[in-house]
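# Topology and contacts: notes
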Amino acid sequence: MTAADMKEIEDLLGKGAAWLPKAMEQVGCTAPVDVTSAACKHAMKETLVLLFTESYHLVRFQHERMKQLKAELNSTKSQLIENQKWVISLQEKVIDCKEQQLVAVQT
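Source: prediction; values computed, not measured.

### Re the overall build of the protein chain
From N to C terminus, the protein chain includes three helices and zero strands. Relative to a compact globule of 107 residues, whose C-alpha radius of gyration would be 13 Å, the protein chain shows 27 Å and is clearly more extended. Once local pairs closer than 6 in sequence are excluded, the contacts in the protein chain between residues at least 24 apart make up 56%. Distance from the positive charge centre (13 side chains) to the negative charge centre (14 side chains) of the protein chain: 4 Å.

### Comments concerning the nonpolar core
Formed by W19, A23, M24, V27, C29, A39, A43 and L51, the largest nonpolar core amounts to eight residues. Not counting chain neighbours up to four residues away, the residues in contact with A43 comprise Q26, V27 and L48.

### Quick word on helix α3 (residues 45-106)
Compared with the 92 Å implied by 1.5 Å per residue over 62 residues, the 90 Å span of α3 between its first and last C-alpha is a close match. Among the residues making up α3, those that are buried are L51, L58, R65 and L69. The inward-facing, buried residues of α3 contact α1 (3-26).

### What about the packing of aromatic side chains?
When we look at a pair of aromatic rings, we describe it by the centre distance and by the angle of the planes. Counted by the stated rule, this structure contains one aromatic pair. A cation over a ring is seen here: K15 above F61, with NZ or CZ 5.4 Å from the ring centre.

### What to know about α1
With 24 residues, α1 should reach 34 Å at 1.5 Å per residue; the first-to-last C-alpha distance of 35 Å fits that figure. For α1, the set of buried residues is D5, L12, G16, W19, A23 and M24. On its buried face, α1 sits against α3. Among the residues trailing α1, G28 stands out with phi positive, at a value near 80 degrees.

### Here we look at the pattern of salt bridges
Counted according to the given criterion, the structure contains five salt bridges. For K67, the salt bridge identified is with E64, shortest N-O distance 3.4 Å. Here K67 pairs with E64, and both are found in helix α3, just three residues apart, close to one helical turn. Residue E82 pairs with K85 through a salt bridge whose shortest N-O separation is 3.7 Å. Placement of both E82 and K85 in helix α3 is noted, with a separation of three residues, approximately one turn of the helix. The class of E82 is partly exposed, set by a relative accessible area of 47%.

Thresholds, definitions, all that
- Residues numbered from 1 in each chain as written.
- Predicted model: local features only at pLDDT ≥ 70, side-chain atom pairs only at ≥ 80, totals over all residues.
- Heavy atoms only, no water.
- Helix = DSSP H or I, 4+ residues; strand = E, 2+ residues; numbered from the N terminus.
- Rg over C-alpha atoms; globule rule 2.2 N^0.38 Å.
- Contact = heavy atoms within 4.5 Å.
- Lys, Arg positive; Asp, Glu negative; His and termini not counted.
- Charge placed at Lys NZ, Arg CZ, Asp CG, Glu CD.
- Core = buried A, V, L, I, M, F, W, Y, C linked by side-chain atoms within 4.5 Å.
- Buried < 20%, exposed > 50% of the residue type's maximum accessible area, 1.4 Å probe, protein only.
- Expected span 1.5 Å × (residues − 1).
- Phe/Tyr/Trp six-rings, centres within 6.5 Å; stacked < 30°, edge-to-face > 60°.
- Lys NZ or Arg CZ within 6 Å of the ring centre and 35° of its normal.
- Salt bridge = Lys/Arg side-chain N within 4 Å of Asp/Glu carboxyl O.

Next up, the structure:
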């Protein structure tokens, strides 16, 4: 994962962290456990529409980013497996060379 990826993830976490208290305040709640359907019934329709729209776009962005991260993870796993196969083949060659050296020393 690159530094740009980490920055994007930190930005996403920051957006979520900033949005949550704002949403609680707009529906008149002081703690996350206070956000219930009953509490939201007292909020104005415009407030709820705005919160819904913001949350939709935040979740949509998170979903897209998670799909990208999953693809990157699968690619990294594949590269790791290929590198492990390469290391094993090199180890086999080293063992073969050591065996040949041992045979040469014994004769």
